[in-house]
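The lines below spell out each chain.
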Amino acid sequence: MKAIVYEKYGPPDVLQLKEVQKPIPKDDEVLIKIHVTTVTSGDWRARSLHAPAGFGFISHLFFGISKPRQPVLGTELAGVVEAVGKDVRKFKIGDQIFAYSGASMGCYAEYKCMPEDGPVAIKPANLSYEEAAAVSFGGATMLNFFRRGKLQSGEKVLVNGASGGVGTAAVQLAKHFGAYVTGVCSTANVELVRSLGANHVIDYTKEDFMKNGETYDVIVDTVGTAPYSRCKDSLKDNGRLLLVVGNLTQLLQIPWVMMTTNKKIIGGPASERVEDLHFLAKLAEAGGFKPVIDRRFRFEEIVEAHRYIDTGRKRGNVVITLEL
Ligand SMILES: NC(=O)c1ccc[n+]([C@@H]2O[C@H](COP(=O)([O-])OP(=O)(O)OC[C@H]3O[C@@H](n4cnc5c(N)ncnc54)[C@H](OP(=O)(O)O)[C@@H]3O)[C@@H](O)[C@H]2O)c1
């Protein structure tokens, strides 16, 4: 089968289309024919080894010291079950599904095996393959952070970076959980963020949300420009800062802030959970969650797609189509 392989870290052109062995499903696995995958900030980090300050060595250890341990990137997919192992009961050949391989990656390929009990779910009928492929990275990340941040209905939430892959999911999920949502983005993305349900949008080129006197129960930072030291006065009593991206110094501050104030910082990686995929699928089916698709590229255009991601300006999600 064809796969996009990278054998060294670096710029987008380290990605190469190659012929590799087609996987064979184990007894408890499904073999998925991938129709669509995505290019996320996770793929960008694994390809470029660009890590938040202080995480350079940890990132090297995680992805592979001298070369990538997993040569096939791609955290998300949507496609069709082509074969099942002999013990598989939850899926059958022909099922239209989406899946989240997360940190184990491997979705830049024509086929992928996933355990039937893993993060795999039936594709919501009202989502296209492109939309279904883009449900998980932002959606599962923000479900995890909102759960750990104990978001309550009626709370005021600010999403910094509301137009990105994670931010567009954060705005929609916070609205679903009954929050009053403020999104922060640049001028070009104000209408997009409003269309996702944000009650209020701040254009960061015109206003600094940390200096306008407003306070929030929850601040989500998906950009890295709202460390606790800068945004603590914008957090209400018992407020929580959800550091989706944070450097080592910021994460080391967490215990001190918790001991000395009534505010909390929540950071670190979000894990992949099967239940979260099922939750997102149900919510999408009910019309409460719809991934934003920015640009579409063909499998052969993967280098171009990564060049676009490297700009840091994507709106929502970028999808890669293999077959539709
Ligand atoms: N902790 C975890 O488990 C976890 C999971 C997933 C992702 N992450 C991290 O979360 C971060 C965001 O991921 P993502 O996929 O959402 O990235 P992304 O889609 O690439 O984000 C791009 C967006 O960032 C916006 N942006 C850039 N500078 C901004 C600023 N100063 N203020 C507000 N918005 C700004 C851009 O909007 P404009 O063009 O309008 O500026 C663009 O829409 C990444 O660093 C990723 O590594 C962490």
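Report follows, based on the coordinates. Treat the numbers as computed from the prediction; the structure is a model and nothing was measured.

Here's the deal with unusual backbone geometry
Working step 1: Of note in the backbone geometry, Leu 49 takes a positive phi value of approximately 60 degrees without being a glycine.
Working step 2: With relative accessibility at 17%, the residue Leu 49 sits in the buried group.
Working step 3: In this structure, Asn 238 takes a positive phi of about 65 degrees despite not being glycine.
Working step 4: On the secondary structure map, Asn 238 appears in strand β12 (residues 235-243).

Side note on the packing of aromatic side chains
Working step 1: Counted by the stated rule, this structure contains four aromatic pairs.
Working step 2: Judged by centre distance (6.2 Å) and plane angle (70 degrees), the ring pair of Tyr 6 and Tyr 9 falls under edge-to-face. A single burial state applies to Tyr 6 and to Tyr 9, both of which are buried.
Working step 3: Between Phe 146 and Phe 177 the ring centres are 6.5 Å apart and the planes differ by 80 degrees, which places this aromatic pair in the edge-to-face class. Taken together, the positions of Phe 146 in helix α4 (residues 136-148) and Phe 177 in the loop between α5 (165-176) and β9 (180-185) put the pair 31 residues apart, joining distant regions of the chain.
Working step 4: Using a relative accessible area of 3% as the deciding quantity, one classes Phe 146 as buried.
Working step 5: Taking the relative accessible area as the measure of exposure, Phe 177 reaches 27% and is therefore partly exposed.

As for the pattern of salt bridges
Side chains that differ in charge, positive against negative, can pair when their charged atoms come close.
Working step 1: Taken as a whole and judged by the stated rule, the model has 20 salt bridges.
Working step 2: Note that Glu 7 is salt-bridged to Lys 18, the shortest N-O span being 3.2 Å. Note that Glu 7 is positioned in the loop between β1 (2-6) and β2 (15-19) and Lys 18 in strand β2, a separation of eleven residues in sequence.
Working step 3: Since its relative accessible area comes to 47%, Glu 7 is described here as partly exposed.
Working step 4: Look at Lys 18 and you get partly exposed, because its relative accessible area is 30%.
Working step 5: Across the salt bridge formed by Arg 273 and Asp 276, the nearest N and O atoms sit 3.6 Å from each other.
Working step 6: We classify Arg 273 as partly exposed; its relative accessible area is 31%.
Working step 7: What you see here is one network of salt bridges that share partners, running through Asp 27, Lys 86 and Asp 87.

A few points about α4
Working step 1: With 13 residues, α4 should reach 18 Å at 1.5 Å per residue; the first-to-last C-alpha distance of 18 Å fits that figure.
Working step 2: Counting buried residues along α4, eleven of its 13 residues qualify, which places the element largely inside the surrounding structure.
Working step 3: Buried within α4 are the following residues: Ser 136, Phe 137, Gly 138, Gly 139, Ala 140, Thr 141, Met 142, Leu 143, Asn 144, Phe 145 and Phe 146.
Working step 4: Of the residues flanking the end of α4, it is Lys 150, one or two places downstream, whose phi is positive at about 50 degrees.

Brief notes about the site of the ligand
Working step 1: Every one of the 25 residues lining the ligand counts as a neighbour, but Arg 45, Ser 186, Tyr 204, Arg 313 and Lys 314 are closest to it.
Working step 2: One of the side-chain nitrogen or oxygen atoms of Ser 41 is found 2.8 Å away from an oxygen atom of the ligand.
Working step 3: In the model, an oxygen atom of the ligand is placed 2.8 Å from a nitrogen or oxygen of the Val 166 main chain.
Working step 4: Computed on the free molecule, the ligand has an accessible area of 940 Å², of which 85% lies beneath the protein chains in the complex.
Working step 5: Those elements that place two or more of their residues in the shell around the ligand are α1 (41-48), α4 and α5.
Working step 6: Tallying contributions element by element places α4 first for the shell around the ligand, with three residues.

Quick word on the packing of α4 against helix α10 (residues 274-285)
Working step 1: Put simply, α4 and α10 touch, their axes get as near as 10 Å, and they point 110 degrees apart. It follows that α4 is roughly perpendicular to α10 by the angle criterion. Contact with α4, carried on its side by Ser 136, Gly 139, Ala 140, Leu 143 and Arg 147, involves Asp 276, Leu 277, Phe 279 and Leu 280 of α10 and no other residues of that element.

Calculation rules
- One numbering rule holds for all chains: residues counted from 1, following each sequence as written.
- Whole-chain, interface and lining totals are the exception, using all residues; otherwise, since this is a predicted model, local features are given only for residues with pLDDT of at least 70 and side-chain atom pairs are given and counted only at 80 or more.
- To get the side-chain values, all heavy atoms of the structure are used, and hydrogens and water are removed first.
- Only protein chains enter the accessibility calculation, which uses a 1.4 Å probe. A residue is then buried if its area is under 20% of the maximum for its type, exposed if over 50%, and partly exposed in between.
- Each helix is a run of H or I in the DSSP string that is no shorter than four residues. Each strand is a run of E no shorter than two, and both are numbered from the N terminus.
- Side-chain rings of Phe, Tyr and Trp (the six-membered ring for Trp) are treated as a pair once their centres are within 6.5 Å; stacked means planes under 30 degrees apart, edge-to-face means over 60, and tilted covers the remaining angles.
- In the sections that follow, a salt bridge refers to a side-chain nitrogen of Lys or Arg positioned within 4 Å of a carboxyl oxygen of Asp or Glu.
- Here, expected helix span is obtained from the residue count minus one, scaled by 1.5 Å.
- Summary of the distance rule: residues count as near a molecule or strand when at least one heavy atom falls within 4 Å of that molecule or strand.
- Here a polar contact is taken to be a pair of N or O atoms separated by no more than 3.5 Å, where protein atoms must pair a possible hydrogen donor with a possible acceptor and residues adjacent in sequence count only if both atoms sit in side chains.
- Accessibility throughout is a Shrake-Rupley quantity obtained with a 1.4 Å probe, and a residue counts as covered only by protein chains that appear here.
- As a rule, the C-alpha atoms of each element are fitted with a line to give its axis, helices using only the stretch in contact, and angles between N-to-C directions run from 0 to 180 degrees.
- Here the word oblique covers every angle except those under 35 degrees (roughly parallel), over 145 (roughly antiparallel) and from 65 to 115 (roughly perpendicular).
- Two residues form a contact once any of their heavy atoms are found within 4.5 Å.

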